[in-house]
Amino acid sequence: LEEAYRAPKWAPVRRVAGPQLHDAYMKAGKREEAAKLTAGMIAEARKALPKGSPELAGELMQVSMNLMAAGLFAEAEPLIRESLEVHERMFRDVW
């Protein structure tokens, strides 16, 4: 997973490997590595995707789900709120 995540940033494998690598780090008790990975994933998403876009909201939600699975609810909450704000604005009439 670490090798896959070191692929070029444009490679689709990074999007798949990042969350899996985060999960593996957490299961191995490597919380510091998981935190660095999470920060990097968020930074990459914010740099690559337009602010307030549904794509960015989806990336933030994916990262937040990994954080919640690891029991890091306080870290996940701001990402979830940001993602929900985008969805409420973009899809307010969609149920």
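Caption draft 1: Inspection of the overall build of the chain at higher detail. Helix and strand content of the chain: five helices and zero strands. Reading the chain from its N end, one meets helices and strands in the order α-α-α-α-α. Taking 2.2 N^0.38 as the reference for a compact globule, 95 residues should give roughly 12 Å; the C-alpha atoms of the chain span a radius of gyration of 14 Å, in line with that estimate. Along the three orthogonal principal directions, the C-alpha set of the chain runs to about 40 × 30 × 20 Å.

Caption draft 2: Broad picture of the confidence of the model for the chain. When pLDDT is averaged across the chain, the result is 88; 99% of the residues are at 70 or more. Looking over the chain, one finds the lowest element-wise mean pLDDT in helix H1 (residues 2-5), namely 84, and the highest in helix H5 (residues 73-90), namely 92.

Caption draft 3: A look at a nonpolar patch on the surface. A grouping of Met-65, Met-68 and Phe-73 is seen on the molecular surface, where their side chains present a nonpolar patch of about 290 Å² in accessible area. As for its position among the elements, Phe-73 is in helix H5. A residue is classified by how much of its surface remains accessible, and Phe-73, at 53% relative accessible area, is exposed.

Caption draft 4: Geometry of helix H3 (residues 31-48). Its 18 residues give H3 an end-to-end C-alpha distance of 26 Å, which sits within 8% of 26 Å, the value for a rise of 1.5 Å per residue. Turning to H3, its buried residues number three or more, namely Ala-34, Leu-37, Thr-38, Met-41, Ile-42 and Ala-45. All buried residues of H3 fall inside an arc of 135° around its axis, so they share one side. Exposed side chains of H3 directed beyond 90 degrees from the buried face belong to Glu-32, Lys-36 and Lys-47.

Caption draft 5: Main features of the environment of Val-63. Within the element layout of this structure, Val-63 appears in helix H4 (residues 54-69). Given the relative accessible area of 6%, Val-63 is considered buried. Between the alpha carbons of Val-63 and Asp-23 there is a distance of 11 Å; along the sequence they are 40 residues apart.

Caption draft 6: Up close: the packing of H4 against H5. Running from amino to carboxyl end, H4 crosses H5 at an angle of 155°, the nearest separation of the two axes being 8 Å. In terms of axis orientation, H4 runs roughly antiparallel to H5. At the point where H4 passes H5, the crossing takes the left-handed sense. Counting all contacts with H4, which are made through Pro-54, Leu-56, Ala-57, Leu-60, Met-61, Val-63, Ser-64, Leu-67 and Met-68, the residues of H5 involved are Phe-73, Glu-75, Ala-76, Leu-79, Ile-80, Glu-82, Ser-83, Val-86, His-87 and Met-90. In the contact of H4 with H5, the residues fall into 14 nonpolar, three polar and two charged.

Caption draft 7: Geometry of the layout of surface pockets. The computed volume of the largest pocket comes to approximately 400 Å³. Forming the walls of the largest pocket are 19 residues, and the residues nearest its centre are Arg-15, Met-41, Glu-44, Ala-45 and Glu-59. Those elements giving two or more residues to the lining of the largest pocket turn out to be helix H2 (12-27), H3 and H4. Taken together, the residues of the lining of the largest pocket break down into 10 nonpolar, two polar and seven charged. There is about 150 Å³ of room inside the second largest pocket. Looking at the lining of the second largest pocket, the elements with two or more residues in it are H2, H3 and H5.

Conventions and cut-offs
- Residues numbered from 1 in each chain as written.
- Predicted model: local features only at pLDDT ≥ 70, side-chain atom pairs only at ≥ 80, totals over all residues.
- Heavy atoms only, no water.
- Helix = DSSP H or I, 4+ residues; strand = E, 2+ residues; numbered from the N terminus.
- Rg over C-alpha atoms; globule rule 2.2 N^0.38 Å.
- pLDDT = per-residue confidence, 0-100.
- Patch = residues over 30% accessible without salt bridge, like charges linked within 9 Å, V, L, I, M, F, W, Y side chains within 5 Å.
- Areas by Shrake-Rupley, 256 points an atom, 1.4 Å probe, with all protein chains shown as cover.
- Salt bridge = Lys/Arg side-chain N within 4 Å of Asp/Glu carboxyl O.
- Buried < 20%, exposed > 50% of the residue type's maximum accessible area, 1.4 Å probe, protein only.
- Expected span 1.5 Å × (residues − 1).
- Arc of directions from axis to C-beta.
- Axes fitted to C-alpha atoms, helices over the stretch in contact; angles between N-to-C directions.
- Parallel < 35°, antiparallel > 145°, perpendicular 65-115°, else oblique.
- Left-handed = near helix turned anticlockwise from the far one by under 90°.
- Contact = heavy atoms within 4.5 Å.
- Nonpolar A, V, L, I, M, F, W, Y, C, P; charged D, E, K, R; others polar.
- 1 Å grid on protein atoms, 1.4 Å probe; cavity = no way out; pocket = protein on both sides within 12 Å on 5 of 7 lines; lining within 4 Å.
- Points joined across faces, edges and corners; volume = space filled by probe spheres on them.

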